[in-house]
Amino acid sequence: MELTEQQVRSLYGKDVQDQSGAKIGSVRQVWATAGYPAWVSVRTGGRQEPMAPLGNAQMADGQLMLAYDKATVTSAPSVDAGTDIPLDAEQTARLYQHYQMQPRQAPQRAPQGREDLIRSEERLRVGTESQPAGKAVLRKHVVTENVHTTVPVEHDEVYVEREPITAENAGKVRADMGEAQQEMPLRAERPVVAKDQVPVERVHLAKNEVVEDQPIDDQVRHEEVETNIPEASRRRR
């Protein structure tokens, strides 16, 4: 897979899929061998990032599709997450052996008498790190509040009933002259308040991981090449 400089830049952060379309991770770094972009390190969430070849990979729908299954990639030789140390000869050899690939030949040197001018540039490498962001505390305390309600209560009310004695039933009633009294027990209800403690709710802390885009503004430098060729020596197109 021959990549232009612009394509290499676009690889950073792209999703990586295996040959069946299953997601493996995302591109963290691009590594060069013999002067060519040849390997990518795949961020899978662990402390080690497996390496995968670009030679037979393809770009499909903005994702990097490798020509290997997920198990082959995740078991490949790996590098520490976030490292930018160049691969040494031993690491490169192990990668070629793991993927059963032939090492790529180094590019031919420029003809004698011609020296290449190497143009360099800075690239912004953006990543994330986890750090404490405070502490959530769940605490309960007692709050007293006023409650207003009503309850029906009963009580006895006394009234006097009067029944005239007629001539017909006067003979059945004994007339006793003198003092007398009659008593009747009375009953009344009063409100009684009791308090019960009952469980009403389970409360616990939970959290969700939220992903959001955070803008990053920085500056990178690059070199530009200017030419100063005499008019007579300029190539005619």
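Keep in mind that this is a model prediction, so the values were computed, not measured.

Student: Outline the overall build of the protein, listing residues and values.
Tutor: Each helix and strand counted, the protein has three helices and seven strands in total. Ordered by position in the sequence, the α and β elements of the protein form the string α-β-β-β-β-β-β-α-β-α. Whereas a compact globule of 237 residues would reach a radius of gyration of roughly 18 Å, the protein reaches 46 Å, over 25% beyond that. Each principal axis of the C-alpha distribution contributes one length, and for the protein these read about 160 × 45 × 35 Å. Of all 237 residues assigned to the protein, the portion counted as buried reaches 17%.

Student: Residues and numbers for the pairing of strand 4 (residues 48-53), please.
Tutor: Judged by how many residues are buried, strand 4 sits mostly within the fold: five of six residues are covered. Direction of pairing for strand 4 relative to strand 7 (residues 78-80): antiparallel, over a ladder of three bridges. Bridging from a neighbouring strand, Gln-48 pairs with Asp-80 of strand 7.

Student: Mind laying out the side chain of Ser-41, listing which residues take part and the relevant values?
Tutor: Mapping Ser-41 onto the fold places it in strand 3 (residues 36-43). If near-sequence neighbours (up to four positions away) are discounted, Ser-41 is found in contact with Ser-26, Val-27, Arg-28, Gln-29, Trp-31, Glu-49, Pro-50, Met-51 and Val-79.

Student: Talk me through the packing of aromatic side chains; I want residue IDs and the actual numbers.
Tutor: As enumerated under the stated definition, the model contains three aromatic pairs in all. With a centroid separation of 6.2 Å and an interplanar angle of 40 degrees, the aromatic rings of Trp-39 and Tyr-99 are classed as tilted. Residue Trp-39 is found in strand 3, and its partner Tyr-99 is found in the segment after helix 3 (89-98); the two are separated by 60 residues along the sequence. Grouping residues by exposure puts Trp-39 and Tyr-99 together as buried. Three or more aromatic residues link up through ring pairs in this structure, and these residues are Trp-39, Tyr-68, Tyr-96 and Tyr-99.

Student: For unusual backbone geometry, give the residues involved together with the corresponding values.
Tutor: The phi torsion at Asp-61 lies on the positive side, around 55 degrees, for a residue other than glycine. One non-glycine residue, Gln-100, lies in the positive phi region at around 55 degrees.

Student: Tell me about the nonpolar core, residues and numbers included.
Tutor: Residues Trp-39, Val-40, Leu-64, Leu-66 and Tyr-99 are the most contacted members of the largest nonpolar core, which totals 25 residues. The set of elements that each furnish at least two residues to this core consists of helix 1 (5-11), strand 2 (23-33), strand 3, strand 4 and helix 3.

Student: Go over the pattern of salt bridges, please, and point to the residues and values.
Tutor: Scanning the entire structure with this criterion turns up seven salt bridges. In the salt-bridge network here, residues are joined through shared partners; they are Arg-119, Glu-121 and Arg-123.

Student: I'd like a description of helix 3, backed by residues and values.
Tutor: Here helix 3 has its buried residues at Thr-92, Leu-95 and Tyr-96. One face of helix 3 carries all of its buried residues, which in axial projection span an arc of 95 degrees. Exposed residues on helix 3 whose side chains face more than 90 degrees from its buried face are Glu-90 and Gln-97. Within two residues after helix 3, Gln-100 carries a phi angle of roughly 55 degrees, on the positive side.

Student: Break down the pairing of strand 2 for me, with residues and values.
Tutor: Of all the 11 residues making up strand 2, nine are buried; the element is thus mostly covered by neighbouring parts of the structure. If you look at the hairpin formed by strand 1 (residues 15-17) and strand 2, you'll find five residues sitting between the two strands, and Gly-21 has a positive phi there, around 95 degrees.

Rules of the game
Residues numbered from 1 in each chain as written. Predicted model: local features only at pLDDT ≥ 70, side-chain atom pairs only at ≥ 80, totals over all residues. Heavy atoms only, no water. Helix = DSSP H or I, 4+ residues; strand = E, 2+ residues; numbered from the N terminus. Rg over C-alpha atoms; globule rule 2.2 N^0.38 Å. Buried < 20%, exposed > 50% of the residue type's maximum accessible area, 1.4 Å probe, protein only. Pairing = 2+ DSSP bridges. Contact = heavy atoms within 4.5 Å. Phe/Tyr/Trp six-rings, centres within 6.5 Å; stacked < 30°, edge-to-face > 60°. Core = buried A, V, L, I, M, F, W, Y, C linked by side-chain atoms within 4.5 Å. Salt bridge = Lys/Arg side-chain N within 4 Å of Asp/Glu carboxyl O. Arc of directions from axis to C-beta.

Everything listed here is a matter of coordinates, which is why it stays silent on function.
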